[in-house]
Amino acid sequence: DAGVTQSPTHLIKTRGQHVTLRCSPISGHKSVSWYQQVLGQGPQFIFQYYEKEERGRGNFPDRFSARQFPNYSSELNVNALLLGDSALYLCASSLGDLLFRVKAFFGQGTRLTVV
Amino acid sequence: AQTVTQSQPEMSVQEAETVTLSCTYDTSENNYYLFWYKQPPSRQMILVIRQEAYKQQNATENRFSVNFQKAAKSFSLKISDSQLGDTAMYFCAFMNSGANSKLTFGKGITLSVRP
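Here the structure is a predicted model, which is why all the values come from computation and not from measurement.

Scoring rules and cut-offs
- Residues numbered from 1 in each chain as written.
- Chains lettered and ligands numbered in written order.
- Predicted model: local features only at pLDDT ≥ 70, side-chain atom pairs only at ≥ 80, totals over all residues.
- Heavy atoms only, no water.
- Core = buried A, V, L, I, M, F, W, Y, C linked by side-chain atoms within 4.5 Å.
- Buried < 20%, exposed > 50% of the residue type's maximum accessible area, 1.4 Å probe, protein only.
- Helix = DSSP H or I, 4+ residues; strand = E, 2+ residues; numbered from the N terminus.
- 1 Å grid on protein atoms, 1.4 Å probe; cavity = no way out; pocket = protein on both sides within 12 Å on 5 of 7 lines; lining within 4 Å.
- Points joined across faces, edges and corners; volume = space filled by probe spheres on them.
- Nonpolar A, V, L, I, M, F, W, Y, C, P; charged D, E, K, R; others polar.
- Contact = heavy atoms within 4.5 Å.
- Buried area = accessible area lost by both parts, 1.4 Å probe.
- Salt bridge = Lys/Arg side-chain N within 4 Å of Asp/Glu carboxyl O.
- Polar contact = N/O pair within 3.5 Å; in protein donor to acceptor, adjacent residues only side chain to side chain.
- Disulfide = S-S within 2.5 Å.

Grouped together as the largest cluster of nonpolar side chains are 26 residues, with contacts concentrated most on Leu21, Trp36, Leu77 and Tyr90 of chain B. Of all the secondary-structure elements, those providing two or more residues to this core are β3 (19-21), β5 (32-39), β6 (46-52), β8 (64-69), β9 (74-79), β10 (88-96) and β12 (109-114) of chain B. The dominant element in this core, judged by the number of residues it contributes, is β10 of chain B, at four residues. With 22 residues, the next largest nonpolar core counts Cys23, Phe60, Phe64 and Ala87 of chain A among its residues.

Moving on: the layout of surface pockets. Taken as a whole, the largest pocket holds about 410 Å³ of empty space. Along the walls of the largest pocket sit 20 residues, with Pro43 and Gln44 of chain A together with Lys102, Thr104 and Phe105 of chain B positioned nearest its centre. Counting only elements with at least two residues in the lining of the largest pocket, the list comes to β5 (44-50) of chain A together with β1 (3-5) and β11 (104-105) of chain B. Counted by class, the lining of the largest pocket contains eight nonpolar, 10 polar and two charged residues. Roughly 270 Å³ of internal volume is contained in the second largest pocket.

The subject of this paragraph is the interface of chain B and chain A. Each side of the interface is counted separately: chain B has 23 residues, and chain A has 26 residues. Summed over both partners, the interface of chain B with chain A buries about 2000 Å², with 50% contributed by carbon and sulfur atoms. Its largest share of buried area at the contact with chain A, chain B owes to Arg43, Met45 and Ser101 of chain B, together 30% of the area lost on that side. Counting across the chain B and chain A interface gives zero salt bridges. Inspection of the chain B/chain A interface yields seven residue pairs in polar contact (both at pLDDT 80 or more). Those elements giving two or more residues to the side of chain B that touches chain A turn out to be β5, β6 and β10 of chain B. No other element matches the four residues that β5 of chain B contributes to the side of chain B that touches chain A. The residue inventory of the side of chain B that touches chain A, partitioned by class, reads 10 nonpolar, nine polar and four charged.

What follows concerns the state of the cysteines. Residues and elements named next belong to chain B. Tallied over the entire structure, the rule returns two disulfides over all chains. Note on cysteine connectivity: Cys23 is disulfide-linked to Cys92, with sulfurs 2.0 Å apart. The disulfide joining Cys23 to Cys92 has a torsion of about -70 degrees about its S-S bond and is therefore left-handed. Here the residue Cys23 occupies a position in the loop between β3 and β4 (24-26), and Cys92 occupies one in strand β10, the gap between them amounting to 69 residues. Grouping residues by exposure puts Cys23 and Cys92 together as buried.

Given below as structure tokens:
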């Protein structure tokens, strides 16, 4: 079975641009979470979605938005990119929203560089 | 708000020896979950071990075990018989038992296993 897949793996964008990152959860998993990992730091929670509804939001500006599709895949959108948005963006999936406390499966992330 | 502190930025251990990674956390919650995640150069976060706060018995997973001291809010990871494949970043993480399945991570520690 395929694990959590994220695309693209690497991305370079210019300040002020918009970016869309994609995540496909493990088959059967209905909950997806997004994390931002700045170099040298631990991941920080951005969003959690379950059954296409937002279940949690971290302390990120409104430039960050996300959605979950009927097939449970998810997109993270970032508008008006800043240099500080350069980071590894991780997606995690779990069977259910509360089952993240049992086990979350992470993808390999998208490395975003803003220049 | 919950915080997770990993004060050691890096550690080194000889292959086949034992190493302990430290983690402290702060919370006002009584029920919560604690995790250790491994992040190798491939960037994918891999769950190493999980502890439920209401369980007094320390969790073990093969060569990995924890020392959970709830009153001291301490959660250290012991790796026995260290292997070269254990070389990675290790993150301590916290999740409360509420509806929001947000993981709060520490800054991580770089573990190097020497041959």
